[in-house]
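Spelled out, the chains give:
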Amino acid sequence: MIWPNYSICKCIRTDKPLKWNRKYPIYLRFGLGSVIPTNLDTFPEQWDKRKNEPKNKHC
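(A) Geometry of the pattern of salt bridges. Summed over all chains, the structure comprises one salt bridge. Two residues, D15 and R13, come together in a salt bridge whose shortest N-O distance is 2.9 Å.

(B) Seen up close, the sheet that holds strand β3 (residues 34-42). Strand order in this open sheet of three strands is β1-β2-β3, and the pairing throughout is antiparallel. The strands lining the two open edges of the sheet, one partner per strand, are β1 (8-12) and β3. Mean inter-strand twist for the sheet, computed between neighbouring axes without regard to direction, equals 25°.

(C) How the structure looks around the environment of F30. Structurally, the position occupied by F30 is in strand β2 (residues 24-30). Among the residues examined, F30 registers a relative accessible area of 26% and is labelled partly exposed. The contacts of F30, once residues within four sequence positions are left out, are S7, I8 and I36.

(D) Region of interest: the environment of N21. Looking at where N21 falls in the secondary structure, it is placed in the loop between β1 and β2. The exposure class assigned to N21 is buried, which follows from its relative accessible area of 15%. A C-alpha to C-alpha distance of 9.5 Å links N21 and T42, two positions 21 residues apart in sequence. Excluding residues within four positions of it along the chain, N21 makes contact with D41 and F43. Within the structure, N21 has its side chain in polar contact with the backbone nitrogen of K23 (distance 3.1 Å).

Parameters at a glance
- Residues numbered from 1 in each chain as written.
- Predicted model: local features only at pLDDT ≥ 70, side-chain atom pairs only at ≥ 80, totals over all residues.
- Heavy atoms only, no water.
- Salt bridge = Lys/Arg side-chain N within 4 Å of Asp/Glu carboxyl O.
- Pairing = 2+ DSSP bridges.
- Helix = DSSP H or I, 4+ residues; strand = E, 2+ residues; numbered from the N terminus.
- Axes fitted to C-alpha atoms, helices over the stretch in contact; angles between N-to-C directions.
- Buried < 20%, exposed > 50% of the residue type's maximum accessible area, 1.4 Å probe, protein only.
- Contact = heavy atoms within 4.5 Å.
- Polar contact = N/O pair within 3.5 Å; in protein donor to acceptor, adjacent residues only side chain to side chain.

Written as structure tokens, this is what we have:
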């Protein structure tokens, strides 16, 4: 069996902030549009858009 190569990237979903803490959820995106939630969240100002990761590494 041949396994395809996929890249995995981190992203935040800015269209739906969490209601109780106003943070945005972090997702893992891979393949052709597949998305998995990580159950982690961050404020948008703490997200490094260039590196696609949290700035302080402690969500």
